[in-house]
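Understanding the architecture of this molecule
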Amino acid sequence: MDATVPAPDDVELAGLFDVSVQYLLHNHMQELVQLVQKTEINEHYAICINMMHLAAFDIGLAETLIEHPREALLVLDKAAVSAQYKVVQEHQTQSALSVKGLVHARVWGIPFHLDHTAAAVFPGIGSIRSYHVDKLLTVSGTVVRTGNVTMIESHKMYECARCHDRVLIPISLDNAEASPPSSPCQVQSGRHICNNTKYRLAPSVLIHTNYQEIKIQENAKVLAVGNVPRSICVLLQDDLADMCQNGDDIEVTGIVTRQWVYSMPGARCNTDILLSANQLHKEQRQQLLTEVDPQAVQTFCKFWKTHADCPLAGRNAILASICPQLHGLCMIKLAMMLMLIGGEQRVSKTGGQVRAEVHMLLVGDPGTGKSQFMQYAAKLSPRAVMSSGRGSSSAGLTVTAIKDGGQWALEAGALVLADGGVCCIDEFDGIKEADKTSIHEVMEQQTLSVAKAGLITSLTTRTTVFGAMNPRGNPRDSIAEQTSLSGPLLSRFDILLPVLDAKSSDTDELVSEHILTNHQMHRFADVQDWDIDTIRQYLLWVKAAFHPELSAEAEEVLTGYYKLQRTAIDRTSARTTVRMLESLVRLAQAHAKLMARDVVTQQDAVVAVSMAEAASRILSGAQFTVGAAFCDDPDAAYDAESEHLLGAIRHMDSDSEFE
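Definitions and cut-offs
- Residues numbered from 1 in each chain as written.
- Predicted model: local features only at pLDDT ≥ 70, side-chain atom pairs only at ≥ 80, totals over all residues.
- Heavy atoms only, no water.
- Helix = DSSP H or I, 4+ residues; strand = E, 2+ residues; numbered from the N terminus.
- Contact = heavy atoms within 4.5 Å.
- Areas by Shrake-Rupley, 256 points an atom, 1.4 Å probe, with all protein chains shown as cover.
- Axes fitted to C-alpha atoms, helices over the stretch in contact; angles between N-to-C directions.
- Parallel < 35°, antiparallel > 145°, perpendicular 65-115°, else oblique.
- Nonpolar A, V, L, I, M, F, W, Y, C, P; charged D, E, K, R; others polar.
- Phe/Tyr/Trp six-rings, centres within 6.5 Å; stacked < 30°, edge-to-face > 60°.
- Buried < 20%, exposed > 50% of the residue type's maximum accessible area, 1.4 Å probe, protein only.
- pLDDT = per-residue confidence, 0-100.
- Polar contact = N/O pair within 3.5 Å; in protein donor to acceptor, adjacent residues only side chain to side chain.
- Core = buried A, V, L, I, M, F, W, Y, C linked by side-chain atoms within 4.5 Å.
- Pairing = 2+ DSSP bridges.
- Expected span 1.5 Å × (residues − 1).
- Patch = residues over 30% accessible without salt bridge, like charges linked within 9 Å, V, L, I, M, F, W, Y side chains within 5 Å.
- Salt bridge = Lys/Arg side-chain N within 4 Å of Asp/Glu carboxyl O.
- Lys, Arg positive; Asp, Glu negative; His and termini not counted.
- Charge placed at Lys NZ, Arg CZ, Asp CG, Glu CD.

1. Notes on the overall build of the protein
Tallying secondary structure elements over the protein gives 22 helices and 25 strands in all. Sequence-distant contacts in the protein: of pairs separated by 6 or more residues, those separated by 24 or more amount to 73%. For the protein, the accessible area works out to roughly 33300 Å², and carbon and sulfur atoms hold 51% of it.

As structure tokens, then:
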């Protein structure tokens, strides 16, 4: 075992106190001035301290904070109060200045070099061990459970039995007790010092603070294959309480502590490992979109300059790298890319929002690659949750009310944990009919209203739903009859693609050759220009850099096709609502981003129509085949498809004018 550094004595703590006051006055003067100018005295306030700046100012104070955080944090809190007194003395000319006693030092940015191993100060949740107890460290994860914000007794007031001087002692979270002072009373009365060692609790003095317990789980993407995500309970006090909700990605800096578990008489005593939070930071997912390698951006720009004369050929070069183990399926690969990119969110002046997420449902025969597309989409998305419809209830997909410690708490389900990412639900038809209605609000309003066990709240669920299921009935039936889904749920899917295992000797020969080549050569037969990391970088780049607007030509195509759908004799009522037009707009915007454009062109609108036409099939003579392979000249094929589509729209307009 490594030798532990002894705790600092009173003399060392006094020296650390003076250094702490100097550091706060030197590095946080502006925050202290703003603090003493505030009017609320009973509020909790925080001073955020960067550990790198603290180490540069005094390395001894930083090392003590890592090894003995309880003592060092108490010193910093007292130093923050003392520094306020000095600030008030320097600004005596200003009125209404007051010293705030409830101020806390919040530490963040712990550098690795302050300890002998990086894991000692920034371990994964599953790597926290007994030697981390009473040490300051940082962990990151996703909030899966939030308890109620309650009150807890934070300090006990003791008074000297002789001179009645009062001392405030913090309550330890280990045993929920506060021991009386062990040193004699040092209050001086005249020429004599009290030196009394007997203390008693001050009568009628109760000091409480805010208290909340949350549970965070480590991200499954950072784990090795086969490992189960671990979780840990985090204690939030004072101003940190109620700072996060289910589904948030957070980074917590705190002290690892033990909590005794209640056991029966004669049974072995057990303890739980907890994290008493000192600082909590919510990770903004929008910032992740800008973290793209500049060299990769130059490569992408050069790529599109090379394919300026044949943009669809360049697009297909990207799509050919998607799921290379599957032969062909150009339209499904394109649909998956459009789903991962998404459209543009619109917010009206009245506060109404129109979602940007693109939901997708694959209705295919067994063995057509639906599950492999799901797994690949989960790898490309920065955040993904895999689930199955068989056995999944509404509580497992949304939130669950759990009674923990005598109180009810909400534990996040799959759709809440996938906030800002993709929720892949295989065997979508396996979800019970009563449970399907619970995801209506999630898919359209991007929120989840909860009213369980007296807990009434609303959670944010900006989740893209990727579902897959097997068809039912005759393949020639409409897509609504094949899915047996209700109209309100079916209308929420922007992309609905039937994937049939068609019998074709030519196709079977190509697929067989592709599979056998993969086995013989131990590589994929298709030429992979882009690996998965490059595609992930490309998705982040186009989502952050491009915000396309609709052109007049694109609006004409989308409006014309929407009218065609509404006037079709054999139309599906669930797929021809106003949501269909909004879906067409999102798909056209997503394709414009995929093509690195700032304007939605007529070409983008035609591609969006081809996605809708693959399921509805109202245009006679259309060649929108879902399982088709990559064609040799995609730009020429697009010219033929667009000519057919635009001709049908013009024909409908002329008929309406004639009528």
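2. A closer look at the packing of helix H9 (residues 330-341) against helix H20 (residues 578-594)
As a packed pair, H9 and H20 sit with axes 9 Å apart at the nearest point and diverge in direction by 95°. Regarding the angle of H9 to H20, the classification is roughly perpendicular. Contact residues: H9 offers Leu 334, Met 337, Leu 338 and Ile 341, while H20 offers Leu 587, Ala 590, His 591, Lys 593 and Leu 594. Of the residues belonging to the contact of H9 with H20, the class tally is seven nonpolar, one polar and one charged.

3. Observations regarding the side chain of Gln 279
Inspection of the secondary structure puts Gln 279 in strand E12 (residues 270-282). Residues within four places of Gln 279 in sequence aside, it is in contact with Cys 48, Arg 106, Val 107, Trp 108, Leu 240, Glu 251, Val 252 and Thr 253.

4. Quick look at the packing of aromatic side chains
Overall, the coordinates contain ten aromatic pairs when judged by the stated rule. With a centroid separation of 5.3 Å and 80° between ring planes, the pair formed by Phe 303 and Trp 304 is classed as edge-to-face. For the pair Phe 303 and Trp 304, a shared accessibility class is recorded, and that class is buried. Taken together, a centroid distance of 5.1 Å and an interplanar angle of 65° make the contact between Phe 303 and Trp 530 edge-to-face. Taken as a pair, Phe 303 in helix H7 (residues 294-306) and Trp 530 in the loop between helix H17 (505-521) and helix H18 (532-545) lie far apart in primary sequence, 227 residues in all. Accessibility classification places Phe 303 together with Trp 530 in one group, the buried group.

5. Digging into the confidence of the model for the protein
Taken residue by residue, the protein gives an average pLDDT of 79. The fraction at 70 or more is 82%. Summarising per-element confidence for the protein, the mean pLDDT is lowest in helix H6 (residues 285-288) (48) and highest in strand E25 (residues 599-600) (92). Scored below 50 in pLDDT, residues 112-118 shows 15 contacts in the model against residues more than four places distant or in partner chains. For residues 286-290, every residue scores under 50 in pLDDT, and the model assigns this stretch four contacts once sequence neighbours within four places are set aside.

6. Describing helix H4 (residues 59-67)
Along H4, the positions that sit buried rather than exposed are Leu 61, Ala 62, Thr 64, Leu 65 and Ile 66. With a side-chain oxygen lying 3.2 Å from the backbone nitrogen of Gly 60, the N-terminal cap of H4 falls on Asp 58.

7. A word on the nonpolar core
In terms of nonpolar packing, the biggest core is built from 75 residues, with Met 360, Phe 466 and Tyr 538 touching the most fellow members. Beyond its immediate chain neighbours, meaning those up to four positions away, Phe 466 contacts Met 339, Met 360, Leu 362, Phe 373, Met 374, Ala 377, Val 422, Cys 423, Cys 424 and Ile 425. Membership of the second largest hydrophobic core comes to 35 residues, among which are Leu 16, Val 21, Tyr 45 and Leu 136.

8. Some words on the sheet that holds strand E22 (residues 464-469)
Spatially, five strands are ordered E16-E19-E22-E15-E23 in an open sheet, and the strand pairing comes out parallel. If you trace the sheet from one side to the other, it starts and ends with strand E16 (384-388) and strand E23 (495-499), each paired once. The mean inter-strand angle of the sheet, taken between neighbouring strand axes irrespective of direction, is 15°. As defined by bridge partners, E16 adjoins strand E19 (residues 422-426) across five bridges and the pair is classed as parallel. Across the sheet, Met 386 pairs through a bridge with Cys 424, a residue of E19.

9. Thoughts on the environment of Ala 590
Inspection of the secondary structure assignment puts Ala 590 in helix H20. Along the primary structure Ala 590 and Val 542 are separated by 48 residues, whereas in three dimensions their C-alpha atoms are 9.3 Å apart.

10. Quick notes on H20
Count 3.6 residues to each turn of an α-helix, and residues three or four apart come out pointing the same way. Between the first and last C-alpha of H20 there are 25 Å, a value that for 17 residues agrees with the 24 Å anticipated at 1.5 Å per step. Across the 17 residues that make up H20, a large majority, 13, are buried. Looking one or two residues beyond H20, the residue adopting positive phi is Ala 596, at roughly 60°.

11. Looking at a negative patch on the surface
A contiguous patch of negative charge, built from Asp 632, Asp 633, Asp 639 and Glu 643, is present on the exposed surface. Locating Asp 639 in the fold gives a position in helix H22 (residues 634-658).

12. Comments concerning the pattern of salt bridges
Under the criterion given, the structure shown has 16 salt bridges. We note a salt bridge from Asp 239 to Arg 106, for which the minimum N-O separation is 2.5 Å. Taken together, the residues span a long stretch of sequence, with Asp 239 in the loop between strand E10 (231-237) and strand E11 (249-261) and Arg 106 in strand E2 (residues 103-108) at a distance of 133 residues. Among the ionic contacts, a cluster of salt bridges with common partners joins Arg 355, Glu 444, Asp 494, Arg 579 and Arg 586.

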